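Take a look at the letters that make up each chain.
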Amino acid sequence: MSERFGERVRAALHAHGPLCVGIDPHAALLAAWGLSDDAQGVRKFGLRTVEAAAGRVGIVKPQVSFFERFGSQGFAALEEVLAAARAAGLIVIADAKRGDIGSTMDDYARAWLTPGSPLEADALTVNPFLGVGALDGTFALAADHGKGLFVLAATSNPEAESLQRSTGSTGETVSASVITEVSARNAAESATGEWGSFGFVIGATVDWHEAGIEPFAPAAPILAPGFGAQGATPDDLRPRFGPMSEAVIASESRSILSAGPVDLAEAITVRAAEYLEVAGV
């Protein structure tokens, strides 16, 4: 089996700090970069972002939807971007938020997490709201191949609050229940002191108390959207995440990508240094 994903993330955060560069070729950004709003445009955008990120951060996160909207040609562009990022030594999180039941979910997992697959990534964001147990095959496949998962737990969009903060018979919120169930799987897969490979998506603007969630064990990577354009800053890292802050992957996209292709590498360098300073790496 390959090196465990949780430990790979731990090493990447130690070497490069928390910043993760999102690869989000919005139509407006394509226009600002002077690129066409088509599959060739998102391909060039993605490859330029990978080139700028390589050696400056440890992790990138392509948002699948911006490629998928161009159909098969968009997926072909995404395949190139994924392969280039992994070849550059970056950890690649495919932000596809897949979620289904049984064999359907298992094949989503095979598409994104099987070594040699055209869409191979290092980790995949997944939706647990059809039941965490529906992801059992995905957990198993990820563990077998040294891959990771980021399970939606407490997202920052206001539409999610009524579902994610509702409580069941245990008195836990849905968010807390997801973390409890996934943490049990991490405990079964991880040796003492290792990070779990099944991480969580917890928004940087989420109030943990209001969401009914607490620090968890074993430690596992936390993918934290909400930094940058959504309002959270590097200085918010420790106050927002407390004892879990060393496990945070701080995802930024528009706030960095808006620098444009010429200044992108410098923008990444500056922002990564800001995170390194507050993280104390």
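What you see is a predicted model, and the numbers here were worked out from it, not measured in a lab.

*Asks:* Give a description of the overall build of the protein that names residues and reports values.
*Replies:* Within the protein, the secondary structure is distributed over 13 helices and eight strands. A globule of 281 residues ought to have a C-alpha radius of gyration of about 19 Å, and the protein, at 18 Å, matches this closely. Counting only C-alpha atoms, the protein reaches 55 × 40 × 35 Å along its principal axes. Counting only residues that meet the buried cut, the protein has 51% of its 281 residues in that class. Here the protein displays about 11400 Å² of accessible surface, and carbon together with sulfur accounts for 50% of that area.

*Asks:* Explain the nonpolar core to me, using residue names and the numbers behind them.
*Replies:* Ranked by size, the top nonpolar core spans 73 residues in total, and within it Trp112, Ile202, Phe216, Phe227 and Phe241 carry the most contacts. Not counting chain neighbours up to four residues away, the residues in contact with Trp112 comprise Val64, Phe75, Leu78, Leu82, Ala94, Ala96, Arg98, Leu119, Glu120, Ala121 and Leu124. Ranked by size, the runner-up nonpolar core spans 16 residues in total, among them Ala123, Phe150, Ala247 and Ile249.

*Asks:* With reference to specific residues and values, describe unusual backbone geometry.
*Replies:* Residues Ala217 and Pro218 are joined by a peptide bond in cis, for which omega reads -5 degrees. With phi around 50 degrees, Lys97 is a residue other than glycine that occupies positive phi space. Counting through the fold element by element, Lys97 comes out in strand S3 (residues 91-98). Given a relative accessible area of 40%, Lys97 falls into the partly exposed group.

Conventions we followed
Residues numbered from 1 in each chain as written. Predicted model: local features only at pLDDT ≥ 70, side-chain atom pairs only at ≥ 80, totals over all residues. Heavy atoms only, no water. Helix = DSSP H or I, 4+ residues; strand = E, 2+ residues; numbered from the N terminus. Rg over C-alpha atoms; globule rule 2.2 N^0.38 Å. Buried < 20%, exposed > 50% of the residue type's maximum accessible area, 1.4 Å probe, protein only. Areas by Shrake-Rupley, 256 points an atom, 1.4 Å probe, with all protein chains shown as cover. Core = buried A, V, L, I, M, F, W, Y, C linked by side-chain atoms within 4.5 Å. Contact = heavy atoms within 4.5 Å.

The values are spatial; any link to function lies outside them.
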